[in-house]
Amino acid sequence: MKLEASCHCGAVRFSVESAHPQPYMRCYCSICRKAGGGGGYGINLSGDNKTLQVEGQDKVRIYRAMKTVDGERVHSSHERHFCSLCGTHLWAHNSKWPDLVHPVASCIDTDLPGPVSRSHIMIASKANWVAIEGSPD
């Protein structure tokens, strides 16, 4: 399925082919939560990196979070691409999986099919005010 997407201000538009366009995974890590906002989590899709087409590439910036490895602060290999004008988190990419790109569901303009199931990851990092479906608060 071809996914069409854009940032809030319209300066960046992109498309990507996705074999799995269902927004099934919610990530509660502090980086997704703070970079993407929303319900306190990021919802990523899976896309074929070779098909990624970007209009407004000159407005796209990359954020690489810091992590601690053996007591030393280093940049993560996970890149979060965002619009430099409005700040919209657009997609993520990790050099460990070069064939994949992960568009953020909230910027997809194409109607998406509903997920068959949902996966919740990094729950230990969720904000205390976020309730997860089907679990007691």
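Residues numbered from 1 in each chain as written. Predicted model: local features only at pLDDT ≥ 70, side-chain atom pairs only at ≥ 80, totals over all residues. Heavy atoms only, no water.

(A) Seen up close, the pattern of salt bridges. Inspection of the entire model under this criterion finds three salt bridges. Here Lys50 ties to Asp48 by a salt bridge, and the two come within 3.6 Å at their closest N and O atoms. Its relative accessible area of 65% is what places Lys50 among the exposed residues. Look at Asp48 and you get partly exposed, because its relative accessible area is 26%. (Salt bridge = Lys/Arg side-chain N within 4 Å of Asp/Glu carboxyl O. Buried < 20%, exposed > 50% of the residue type's maximum accessible area, 1.4 Å probe, protein only.)

(B) Structural detail: the environment of Ile108. Within the secondary structure layout, Ile108 lies in the loop between strand 9 (100-103) and strand 10 (119-121). Along the backbone, Ile108 and Ser15 are 93 residues apart, and their C-alpha atoms lie at a distance of 9.0 Å. (Helix = DSSP H or I, 4+ residues; strand = E, 2+ residues; numbered from the N terminus.)

(C) Up close: the confidence of the model for the protein chain. Residues of the protein chain with pLDDT of at least 70 account for 93%, and the chain-wide mean is 85. The secondary-structure element of the protein chain with the lowest mean pLDDT is helix 1 (residues 30-36), recorded at 74, while strand 5 (residues 53-55) shows the highest, at 98. (pLDDT = per-residue confidence, 0-100.)

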